[in-house]
Amino acid sequence: MAATILVTGASGFLARHLVDSLSLRHRVHACSRHDLNLLDSLAVEGFLNRHPEIEFVIHCATTGGRRTTNYDDSRTDVVEQNLRMFSNLLRCLREDQKMIHFGSGAEYDRNRMPPKVKETFFDQYVPADSYGFSKTIISKIISKANNVLCLRVFGAYGKDEDYRYKFISNAIIKALLGLPITIAQNVVFDYLYIADFVRLVEKLLDCDWPYRHMNITPTQSADLVSLAEIINEVTGNKAGITVLNPGWNTEYTGDNRRLLEVVGPFDFTSYREGIRELAAYYQSVWDSLDLDVVRADPFLDKCIVKR
């Protein structure tokens, strides 16, 4: 059944794909920070009052956690901004409205989480970084809200992500250039293909939410070297793979059994198929890519390495 949906952070990677797909079936209000200042409580209240038809809020807007800004270590407002945006929305949410908020695997504490971490591991540790800490506080608030669902994202990939540093897209373009794929340190990761992410969110709009928190991850995990090998095979790249630091970083993967219990059986896109589709996409937009920044790889030294 068609619904009216507000999507915040509409200029971001996840939100852009959600808006494009949801608009085919639903009426969507797509708001970036230029359309609606989520830090302004009165602005949020006024917007929702003017649009009482909104049934779902999908809250994608967030601050912090990006390698391009050195994970915002020098900023002191990451926690406040994320809390204010969420709180301003939650305060105005009616009982007959629902909100999906995107949390993060960082809530489990990236340095101490176990492989395939379950939602029940939450709050075993307090994340040291501001981004993970802000998401943790929001998750605690959501645990007491009947009409809000937190989906914890670990990794997502697909067209329109920031190929300057996002691993799979960046590695595909390097391979298409005939360059070696350079990895700071190998790690096992959960990468969810963006088309799967969108389909899962769409399913959840039609489901009851027996849980307040769910990991939104694929069933199969993959390490970066294995992904690089698939990329080189798909593209025919012979330049090889370079790993700069020995050992393994802390695995960043989540258990998705809660998610599958709610949405039912789900056919996840294989890494090989997702990479094949993404490589074809980059070939189709080749002339629009900033290949010099891919060659320079300015964000590689900002990767977090476990010693």
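It should be noted that the structure appears before, not after, this text.
Just so you know, these numbers come straight off a predicted model, no measurement behind them.

As for the overall build of the protein chain
No. 1: Secondary structure summary: the protein chain contains 10 helices and 12 strands in total.
No. 2: Whereas a compact globule of 307 residues would reach a radius of gyration of roughly 19 Å, the protein chain reaches 19 Å, a difference of no more than 12%.
No. 3: Each of the three principal axes of the protein chain carries a C-alpha extent, and together these read 55 × 40 × 40 Å.
No. 4: Taking contacts inside the protein chain between residues at least 6 apart in sequence as the whole, the part at least 24 apart equals 81%.
No. 5: For the protein chain, the accessible surface area stands at approximately 14,100 Å², while carbon and sulfur atoms represent 49% of it.
No. 6: Charge-centre separation for the protein chain: the mean point of 36 positive side chains lies 2 Å from the mean point of 39 negative side chains.

Some remarks on the sheet that holds strand β4 (residues 98–104)
No. 1: Pairing in this open sheet of six strands is parallel, and the strands run β2-β1-β3-β4-β5-β10 from one edge to the other. Bordering the open sheet on either side are β2 (27–31) and β10 (213–216), each of which pairs with just one other strand. The average undirected angle you get between the axes of adjacent strands in this sheet is 20°.
No. 2: In this fold helix α1 (residues 13–22) packs onto β1 (4–8), β2, β3 (56–59), β4 and β5 (148–153), with an angle of close to 160° to the strand it touches most, β1.

Description of helix α7 (residues 224–235)
No. 1: Taking 1.5 Å of rise per residue, 12 residues should cover 16 Å, and α7 covers 16 Å from first to last C-alpha, within 8% of that figure.
No. 2: Within the sequence span of α7, burial applies to Leu224, Val225, Leu227, Ala228, Ile230, Ile231 and Asn232.
No. 3: Structurally, α7 contributes buried residues whose contacts are with α5 (167–176), β7 (181–186), β11 (222–223), β12 (241–248) and α9 (271–284).
No. 4: Where α7 begins, one side-chain oxygen reaches toward the backbone nitrogen of Val225, 3.2 Å away; that side chain belongs to Asp223.

Observations concerning the nonpolar core
No. 1: By size, the foremost hydrophobic cluster in this structure holds 40 residues, and its most contacted members are Phe167, Ile168, Ile172, Ile181, Tyr191, Leu227 and Ile231.
No. 2: Membership of the second largest hydrophobic core comes to 35 residues, among which are Ala3, Phe102, Ile194 and Val262.

Focus: the side chain of His26
No. 1: Secondary-structure assignment places His26 in the loop between α1 and β2.
No. 2: We classify His26 as buried; its relative accessible area is 9%.
No. 3: A polar contact is formed between the side chain of His26 and the backbone nitrogen of Ala3, at a distance of 2.8 Å.
No. 4: Here His26 is in contact with Met1, Ala2, Ala3, Ile5 and Leu205, once residues within four sequence places are set aside.

Calculation criteria
Residues numbered from 1 in each chain as written. Predicted model: local features only at pLDDT ≥ 70, side-chain atom pairs only at ≥ 80, totals over all residues. Heavy atoms only, no water. Helix = DSSP H or I, 4+ residues; strand = E, 2+ residues; numbered from the N terminus. Rg over C-alpha atoms; globule rule 2.2 N^0.38 Å. Contact = heavy atoms within 4.5 Å. Areas by Shrake-Rupley, 256 points an atom, 1.4 Å probe, with all protein chains shown as cover. Lys, Arg positive; Asp, Glu negative; His and termini not counted. Charge placed at Lys NZ, Arg CZ, Asp CG, Glu CD. Pairing = 2+ DSSP bridges. Axes fitted to C-alpha atoms, helices over the stretch in contact; angles between N-to-C directions. Expected span 1.5 Å × (residues − 1). Buried < 20%, exposed > 50% of the residue type's maximum accessible area, 1.4 Å probe, protein only. Polar contact = N/O pair within 3.5 Å; in protein donor to acceptor, adjacent residues only side chain to side chain. Core = buried A, V, L, I, M, F, W, Y, C linked by side-chain atoms within 4.5 Å.

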